[in-house]
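What follows is the residue order along each chain.
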Amino acid sequence: MLGAIFGDIVGSVYEFNNTHDPDFPLLTRWSHPTDDSIMSLAVAKALIETAGQSDAVIGAALVHSMQTLGRQYPNCGYGGMFRQWLRSTDPQPYNSFGNGSAMRVAAAGWLYPTLDSTLHAARLTAEVTHNHPEGIKGAEAIAAAVFLARTGADKAMIRTYISDTFGYDLNRTLDEIRSSYAFYETCQRSVPEAILAFLEGRSYEDVIRKAVTLGGDSDTIACMAGAIAEAYYPMPHQYREEALLRLDAPLQHIAAQYHHYYRSHCRTL
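Here the structure is a predicted model, which means the values were calculated and not measured. (Residues numbered from 1 in each chain as written. Predicted model: local features only at pLDDT ≥ 70, side-chain atom pairs only at ≥ 80, totals over all residues. Heavy atoms only, no water.)

Its identity is not glycine, yet asparagine 95 carries a phi of approximately 60°, on the positive side. Among the structural elements, asparagine 95 can be located in the loop between helix H4 (80-87) and helix H5 (100-103). Owing to a relative accessible area of 46%, asparagine 95 belongs among the partly exposed residues under this scheme. (Helix = DSSP H or I, 4+ residues; strand = E, 2+ residues; numbered from the N terminus. Buried < 20%, exposed > 50% of the residue type's maximum accessible area, 1.4 Å probe, protein only.)

Right, let's talk about the pattern of salt bridges for a bit. Evaluation of the coordinates by the stated rule reveals 11 salt bridges. Residue arginine 240 pairs with glutamate 230 through a salt bridge whose shortest N-O separation is 3.0 Å. With arginine 240 in helix H13 (residues 237-245) and glutamate 230 in helix H12 (residues 218-232), the pair connects residues that are 10 residues apart, well separated along the chain. On the accessibility criterion, glutamate 230 (8% relative accessible area) is buried. It is possible to trace a salt-bridge network through shared partners that takes in Asp169, Arg172 and Glu193. (Salt bridge = Lys/Arg side-chain N within 4 Å of Asp/Glu carboxyl O.)

With that out of the way, let us pick up helix H8 (residues 155-166). With 12 residues, H8 should reach 16 Å at 1.5 Å per residue; the first-to-last C-alpha distance of 16 Å fits that figure. Taken together, the buried positions of H8 are occupied by Lys155, Ile158, Ile162 and Phe166. For H8, the angular spread of the buried residues around the axis is 60°, confining them to a single face. On its buried face, H8 sits against helix H6 (115-127), helix H7 (133-150), helix H10 (191-200) and H12. N-capping of H8 is provided by aspartate 154, with a side-chain oxygen placed 3.2 Å from the backbone N of alanine 156. Immediately downstream of H8, the backbone of glycine 167 shows phi near 75°, a positive value. (Expected span 1.5 Å × (residues − 1). Arc of directions from axis to C-beta. Contact = heavy atoms within 4.5 Å. Polar contact = N/O pair within 3.5 Å; in protein donor to acceptor, adjacent residues only side chain to side chain.)

Quick look at the structure:
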């Protein structure tokens, strides 16, 4: 999950100031976690605290965790509808197909022993807000790519599975896309692009650089691409440290809880 958070932090300063320079400064004094990181941690917390329980219990925990952290960190770049959902006393899904469902799903790709259980968990994390089929599909696609990457699938297998299962066009290149790519917040126009950044990248860092230099919603694209890249490539230790250092103490505590749970329950899967 730190792979997703680091990607978000790197992309944060380029979201509204896009760069196409592959040698951009990876981190600056202004690089910071956004809503992508906050909600990734909220989802992770809910999933580990309700492991093995019913869908209804997990769904309620997701709502509680996301609302709690969202209210504690209110100025992190949430979208308008999601901001209203955070404040609601009766939060209901609002048929969204925005990429918020896919940006926060990284933990689901690591915590489950089978692809089917991973997809099921990804759906649960999405549908508390993003119950549109495209919103659910985006979350499932990122979680599936993480699961496949961490369980030994090569890039050809990942490309084929994602294309066949979710219908995303992964036969394009980033160079073909970049010149006309704009700021898209939908799953349909950002999830496949994030997966392409992973497929074209040659290392964890290269994936992040390719995701950011595509342009558009750069923090979210880098968050999604970084989630997959962490599962496939060694993530440099200094980047893990930087991700943690840019979280405050309560968020670091959630990250530590998640990683302790993963080491204790999931590492041998």
